Amino acid sequence: MIIDCHGHYTTAPADLQKYRDSQIAGLKDPAYVPQKANLKISDDQIRDSLEGAQLKFQRERGTDLTIFSPRASAMAHHIGNETTSQNWTQACNDLIKRVVDLYPDNFVGVCQLPQSPGVAPVNSAAELERCVKELGFIGCNLNPDPSGGNWTAPPLTDKHWYPLYEKMVELDVPAMVHVSSSCNPNFHATGAHYINADTTAFMQFITGDVFKDFPTIKFIIPHGGGAVPYHWGRYRGLAQDMKRPLLPDMMKNNVFFDTCVYHQPGIDLLFKVVPRDNILFGSEMVGAVRGIDPETGNYYDDTKRYVEALGLTDSEKKKIYEGNARRAYPRLGAILDKKK
Ligand SMILES: [Zn+2]
């Protein structure tokens, strides 16, 4: 089985964005009270939004199951207040649940969290619990920078985050460390802010004691771990100077990178330096980079091609495509085993 650990509902029906637009427009009116969504999206609209996109690419590329979450760039936790974020998040998560119910063989849900700048992360615990226990989701996307590019929150290793980590551990779900849109013009969202955040999160993990304090907690750092594989020697050296654990020991059962690196040399390097027990297959389709690479004639985000070209053994491929995902998402196994 080939599990794509990284997919977002980037093609959601227009009504979802209409609701969001009305939320944002309402913020200009001081008398506005944020409303919960009352979306009138039909099952057919959901099917239409997926059949020509994510499902088509799954079939064409030969992947089986996508771990699916709301559109990351649209989380925009910096917009409005906690209630704005709460209502928006619930609407997005409920729509993912409908996708999973319509296509249980193709998608498993991961939730957005109702984070908001300056608000304690633990305030997202109730929505996480609802998504895991009531909607059957297996993880969450955790935004390390709810300010959208201004980095006003403490590092992920700070006790600020710990009460939410306790809930993740209790529910046995991982978080993909995933920023959202950038309201800082210095950082292009998917080209700079995302990659910065991935790199930043990894460096934070090196310096802190999260995995000593939460031995079973799991984080996925997407986009191939940002700049980390390319600068592996720098991070090894920094960890050594700081008398921190070796990187493979630090990552072990706690930190995973995906394969959302959109060219062969990048994937070659990822597999050369990062332990193979810590790499999950992912494509982030339909996502940030949607074009066809003129050098190869293939979609940039058709990441399975790059993995196939590595010449891995069958058992290594099984690990990258399925085994590691089962380890990173402990609740996935029960869902997969039920399908058999
Ligand atoms: Zn993503």
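Below, the structure is looked at part by part. (Residues numbered from 1 in each chain as written. Predicted model: local features only at pLDDT ≥ 70, side-chain atom pairs only at ≥ 80, totals over all residues. Heavy atoms only, no water.)

**Looking at the packing of helix α13 (residues 314-328) against helix α14 (residues 332-339)**
Turning to step 1, where the next piece is worked out: Close contact between α13 and α14 brings their axes to 8 Å; oriented N to C, the two are set at 130°. Here α14 runs oblique to α13, going by the angle between their axes. The residues of α14 that touch α13, namely those facing Glu322, Ala325 and Arg326, are Leu332, Gly333, Leu336 and Asp337.
Turning to step 2, where the next piece is worked out: By residue class, the composition of the contact of α13 with α14 is 3 nonpolar, 1 polar and 3 charged. (Axes fitted to C-alpha atoms, helices over the stretch in contact; angles between N-to-C directions. Helix = DSSP H or I, 4+ residues; strand = E, 2+ residues; numbered from the N terminus. Parallel < 35°, antiparallel > 145°, perpendicular 65-115°, else oblique. Contact = heavy atoms within 4.5 Å. Nonpolar A, V, L, I, M, F, W, Y, C, P; charged D, E, K, R; others polar.)

**Some points on the pairing of strand β2 (residues 65-70)**
Turning to step 1, where the next piece is worked out: Of all the 6 residues making up β2, 6 are buried; the element is thus mostly covered by neighbouring parts of the structure.
Turning to step 2, where the next piece is worked out: With 5 bridges connecting them, strand β1 (residues 3-9) and β2 associate as parallel partners. Across the sheet, His8 pairs through a bridge with Ser69, a residue of β2.
Turning to step 3, where the next piece is worked out: Relative to strand β3 (residues 107-109), β2 runs parallel, the two sharing 3 bridges. By the bridge assignment, Ile67 is partnered in β3 with Val108.
Turning to step 4, where the next piece is worked out: Crossover β2 to β3 through helix α4 (residues 82-102) is right-handed. (Buried < 20%, exposed > 50% of the residue type's maximum accessible area, 1.4 Å probe, protein only. Pairing = 2+ DSSP bridges. Right-handed = clockwise from strand over helix to strand, strands pointing away.)

**Considering the coordination of the zinc ion**
Turning to step 1, where the next piece is worked out: Here the zinc ion is held by the protein donor atoms His6 (NE2), His8 (NE2), His178 (NE2) and Glu284 (OE), which lie 2.0 Å from it.
Turning to step 2, where the next piece is worked out: Of note is the zinc ion, whose 4 donor atoms meet at the metal with angles of 99 to 119° in an arrangement that counts as tetrahedral.
Turning to step 3, where the next piece is worked out: Counting gaps between the donor residues of the zinc ion yields the pattern H-x1-H-x169-H-x105-E. Note that His6 is positioned in strand β1 and Glu284 in the loop between β8 (279-280) and β9 (292-293), a separation of 278 residues in sequence. Just as His6 is buried, Glu284 falls in that class too. (Donors = N, O, S within 2.8 Å, 3.2 Å for Na, K, Ca; no water. Tetrahedral: all angles 85-135°; square planar, octahedral: opposite > 155°, others 65-115°.)

**Section: α4**
Turning to step 1, where the next piece is worked out: Here α4 spans 30 Å end to end across 21 residues, near enough to the 30 Å set by a 1.5 Å rise per residue.
Turning to step 2, where the next piece is worked out: For α4, the side-chain oxygen to backbone nitrogen distance between the N-cap and Thr83 is 3.0 Å, and the N-cap itself is Asn81. (Expected span 1.5 Å × (residues − 1). Polar contact = N/O pair within 3.5 Å; in protein donor to acceptor, adjacent residues only side chain to side chain.)

**Quick notes on unusual backbone geometry**
Turning to step 1, where the next piece is worked out: Cis peptide bonds are those with omega within 30 degrees of zero, and the linkage from Met285 to Val286 qualifies with -5°.
Turning to step 2, where the next piece is worked out: Mapped onto the fold, Val286 is located in the loop between β8 and β9.
Turning to step 3, where the next piece is worked out: Residues other than glycine seldom take positive phi values, yet His223 does so here, at roughly 50°.
Turning to step 4, where the next piece is worked out: Note that His223 resides in the loop between β6 (219-221) and α9 (232-241).
Turning to step 5, where the next piece is worked out: Positive phi outside glycine occurs at Lys243, with the angle close to 60°.
Turning to step 6, where the next piece is worked out: Along the chain, Lys243 falls in the loop between α9 and α10 (247-251).

**Here we look at the nonpolar core**
Soluble globular proteins tend to bury their nonpolar side chains together.
Turning to step 1, where the next piece is worked out: Counting residues in hydrophobic clusters, the biggest one holds 71 residues, and the most contacted among them are Leu128, Tyr165, Phe202 and Phe219.
Turning to step 2, where the next piece is worked out: Broken down by element, this core gets its largest block of residues, 7 residues, from α4.
Turning to step 3, where the next piece is worked out: Excluding residues that lie within four positions of it along the chain, Phe202 makes contacts with Ile221, Val228, Trp232, Tyr235, Leu247, Met250, Met251, Val255 and Phe257.
Turning to step 4, where the next piece is worked out: In this structure, Ile138, Met176, Ala325 and Leu332 belong to the second largest nonpolar core, which totals 16 residues. (Core = buried A, V, L, I, M, F, W, Y, C linked by side-chain atoms within 4.5 Å.)

**Some remarks on the pattern of salt bridges**
Turning to step 1, where the next piece is worked out: Across all of its chains, the model carries 22 salt bridges by this definition.
Turning to step 2, where the next piece is worked out: A salt bridge links Arg47 to Asp44; the nearest nitrogen and oxygen atoms lie 2.7 Å apart. Of this pair, Arg47 and Asp44 both sit in helix α2 (residues 43-51), separated by 3 residues, roughly a single helical turn.
Turning to step 3, where the next piece is worked out: For the salt bridge of Glu127 with Arg130, the shortest nitrogen-to-oxygen distance reads 2.8 Å. Of this pair, Glu127 and Arg130 both sit in helix α5 (residues 125-134), 3 residues apart, which is roughly one turn of the helix. An identical accessibility class is assigned to Glu127 and Arg130; each is buried.
Turning to step 4, where the next piece is worked out: What you see here is one network of salt bridges that share partners, running through Arg61, Asp301, Asp302 and Arg305. (Salt bridge = Lys/Arg side-chain N within 4 Å of Asp/Glu carboxyl O.)

**Here we look at the packing of α2 against helix α3 (residues 54-61)**
Turning to step 1, where the next piece is worked out: The geometry of α2 relative to α3 is characterised by a closest axis approach of 4 Å and an angle of 40° between their N-to-C directions. Taken as axis vectors, α2 and α3 run oblique relative to one another. Residue-level inspection shows Ser49, Leu50 and Glu51 of α2 in contact with α3, the latter providing Gln54, Leu55, Lys56 and Arg59.
Turning to step 2, where the next piece is worked out: Among the residues forming the contact of α2 with α3, the class breakdown is 2 nonpolar, 2 polar and 3 charged.

**Things to note about the packing of aromatic side chains**
Turning to step 1, where the next piece is worked out: Counting across every chain of the model gives 16 aromatic pairs.
Turning to step 2, where the next piece is worked out: Above the face of the Phe57 ring, Arg61 is positioned so that its terminal group lies 4.5 Å from the ring centre. (Phe/Tyr/Trp six-rings, centres within 6.5 Å; stacked < 30°, edge-to-face > 60°. Lys NZ or Arg CZ within 6 Å of the ring centre and 35° of its normal.)

**A word on α5**
Turning to step 1, where the next piece is worked out: Among the residues of α5, those classed as buried are Ala125, Glu127, Leu128, Arg130, Cys131 and Val132.
Turning to step 2, where the next piece is worked out: Looking at the buried residues of α5, the elements they touch are α4, β4 (140-142) and α6 (162-171).
Turning to step 3, where the next piece is worked out: Looking at the residues trailing α5, positive phi occurs at Gly136, about 80°.

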